[in-house]
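# Summary of structural features
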Amino acid sequence: MQSGSPVPRLGVGMKFRFDAVRGAWVVLGPERLFLPDDHAVEVLKLVDGSRTVADIAMLLAARFDAPAAMIEADILPMLNDLAARGAVRL
Amino acid sequence: MNAVSPPPFPPPMGLIAEITHRCPLQCPYCSNPLALEPASAELDTGNWLRVIDEAAALGVLQFHFTGGEPMARRDLTTLVQRAADRGMYTNLITSGVTLDDRAMAALTQAGIDHIQLSFQDIDPLENDRVGNYAGAFVKKRAAIDRIRGAGLPLTLNFVIQRHNAGRVGAMLDFAEAMQAERVEIAHVQYYGWGLKNRAALLPTRAQLDASTDLVEAARIRLRGKMVIDYVVPDYHASRPKSCMGGWAQRFINISPSGKCLPCHAAETLPGFDFPTVRTHSLAAVWDSEAFRRYRGTGWMPEPCRSCDRRELDWGGCRCQAFAITGDAAVTDPACELSALHYLMGEAALESAVPAPAFAYRKPGRPRAAVALDQAGDKSRAPVLPDPGRASA
């Protein structure tokens with residue numbers, strides 16, 4: 001675990017699950033729901049309450065053969081946006 | 001008949017189950033219809049379980065248990081458990097006055113995901129006066145601790161009207177102190193009982209603006225900590241709300257007796273044959289004529305039809321269009337582009353004169369009296385031809 005990098009976790013009462021009817025991942029929460037795009041889905045699959053943002057960026061970097069710093073710069077605003085809407089906590 | 005059948009419409013996101021109209025509170029802005037359905041008309045457990053199964057199969061993601069007071073039904077936990085077993089997110093909308101330790105344990109065991117707890121005011125005496133239930137505030141305050149103790153997310157819902165609009169700041173402070181994940185600052189919506197009591201409830205423009213400022217400041221201050229949902233009354237608005245996210249686009253509302261509606265107020269609209277789950281599957285309901293009638297943009301008259309906001313607000317609210325203008329198929333008069341927008345401004349003048357007493361929500365009103373009330377509301381809003389309306 002790298003120090004200084006925040007640890008995202010799902011917001012209280014949030015559930016991230018696959019909806020078979022729509023064939024899509026959804027985030028369900030208190031009287032709100034989100035239909036995350038493909039990028040957000042890949043990030044949310046790695047949000048487990050123990051990985052840091054930097055950890056997640058490294059895993060995605062290995063999978064998509066891109067620099068981790070670039071990926072981290074992409075996913076931090078995405079996670080901040082999800083946090084502002086209560087879907088995740090940072 | 002169209003020669004070309006349209007592509008299938010995406011499934012509903014949420015199902016709002018008004019499982020009973022019974023309630024220990026008598027709030028004068030209750031969203032239930034003036035003609036409350038009696039306990040004897042309610043769907044039984046078996047029918048609700050079938051509806052829950054059908055909802056999950058159709059693609060409903062969230063199942064909202066509401067009322068009346070949904071906890072008045074003894075089979076609530078059975079229904080919650082079935083909805084949770086079917087993978088739907090389960091939500092309970094309650095006044096909290098009967099949420100004791102035993103009920104909380106049973107709901108947790110059944111798999112409830114979230115509870116929205118309503119407050120009538122942050123001032124305990126006023127809270128109890130609006131609900132016409134002595135001691136309600138103390139019970140609601142205790143319910144917060146039970147919800148927290150169960151590890152559930154907490155949403156507090158404050159209903160705003162002219163008597164409590166000055167305490168929105170205190171409501172937000174209270175929600176923050178309770179560490180609520182979410183708070184709703186929801187101005188009364190003027191349908192049913194709210195419309196009947198409009199003169200006793202509608203805030204002034206200055207009251208509305210003050211509450212808006214407080215909400216906007218708190219949203220910035222509490223960003224990432226607490227979500228604040230804010231609902232305004234339409235009477236001081238210049239553009240309509242996106243009512244229910246568009247007619248029959250996201251939700252099915254089911255009344256205690258099983259009547260299926262695109263929103264809880266739609267029963268006030270004449271000329272509809274709303275389907276019931278007693279004889280229709282939810283899939284048939286979703287594709288019924290009543291649900292298709294105002295879905296999307298094809299039904300729209302001008303000025304909606306050519307408006308660049310037509311897929312943002314979906315023409316506003318059909319029930320409001322009918323309640324104020326007498327025609328459900330015209331632009332919501334909350335929109336300043338409506339030729340009848342002035343009717344909203346005239347009605348808003350009620351907020352500047354002393355408030356009459358509440359007509360508390362009570363069951364068992366004879367139908368004749370209800371019809372007279374509705375005629376009275378319409379008589380204040382003369383029906384004029386809308387020059388902007390395209391021919392049907």
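Since the model is a prediction, treat every value here as computed from it, not as a measurement. (Residues numbered from 1 in each chain as written. Chains lettered and ligands numbered in written order. Predicted model: local features only at pLDDT ≥ 70, side-chain atom pairs only at ≥ 80, totals over all residues.)

### A short note on the sheet that holds strand S4 (residues 32-34) of chain A
Residue and element names in this part refer to chain A. With antiparallel pairing, three strands are arranged side by side in an open sheet as S2-S3-S4. Strands with a single pairing partner mark the edges of an open sheet, and in this sheet they are strand S2 (15-19) and S4. Adjacent strand axes in the sheet meet at a mean angle of 30° when their direction is disregarded. Here strand S3 (residues 24-29) pairs with S4 via three bridges, running antiparallel. Its bridge partner lying in S4, Leu 28 is registered against Leu 33. (Pairing = 2+ DSSP bridges. Helix = DSSP H or I, 4+ residues; strand = E, 2+ residues; numbered from the N terminus. Axes fitted to C-alpha atoms, helices over the stretch in contact; angles between N-to-C directions.)

### Side note on the confidence of the model for chain B
On average, chain B scores 91 in pLDDT, and the residues at 70 or more come to 91%. Of the regions scoring below 50 in pLDDT, residues 366-392 of chain B engages in 29 contacts with residues more than four places distant in sequence or in other chains. (pLDDT = per-residue confidence, 0-100. Contact = placed C-beta atoms within 7 Å.)

### Looking at the interface of chain A and chain B
Listed per partner, the contact involves 16 residues of chain A and 18 residues of chain B. Elements with a contribution of two residues or more to the side of chain A that touches chain B: S2, S3 and helix H3 (68-84) of chain A. Across the side of chain A that touches chain B, the residue classes tally to eight nonpolar, three polar and five charged. (Nonpolar A, V, L, I, M, F, W, Y, C, P; charged D, E, K, R; others polar.)

### Considerations on the nonpolar core
Across soluble globular proteins, you tend to see nonpolar side chains buried next to one another. Within the largest apolar cluster, 120 residues are counted, with the highest numbers of intra-cluster contacts made by B:Ala55, B:Phe63, B:Phe65 and B:Cys319. In contact with B:Ala55, other than residues within four places in its own chain, are B:Leu15, B:Val60, B:Phe63, B:Met88 and B:Leu282. (Core = buried A, V, L, I, M, F, W, Y, C linked by C-beta atoms within 7 Å. Buried ≥ 20, exposed ≤ 12 C-beta atoms within 10 Å, placed from the backbone.)

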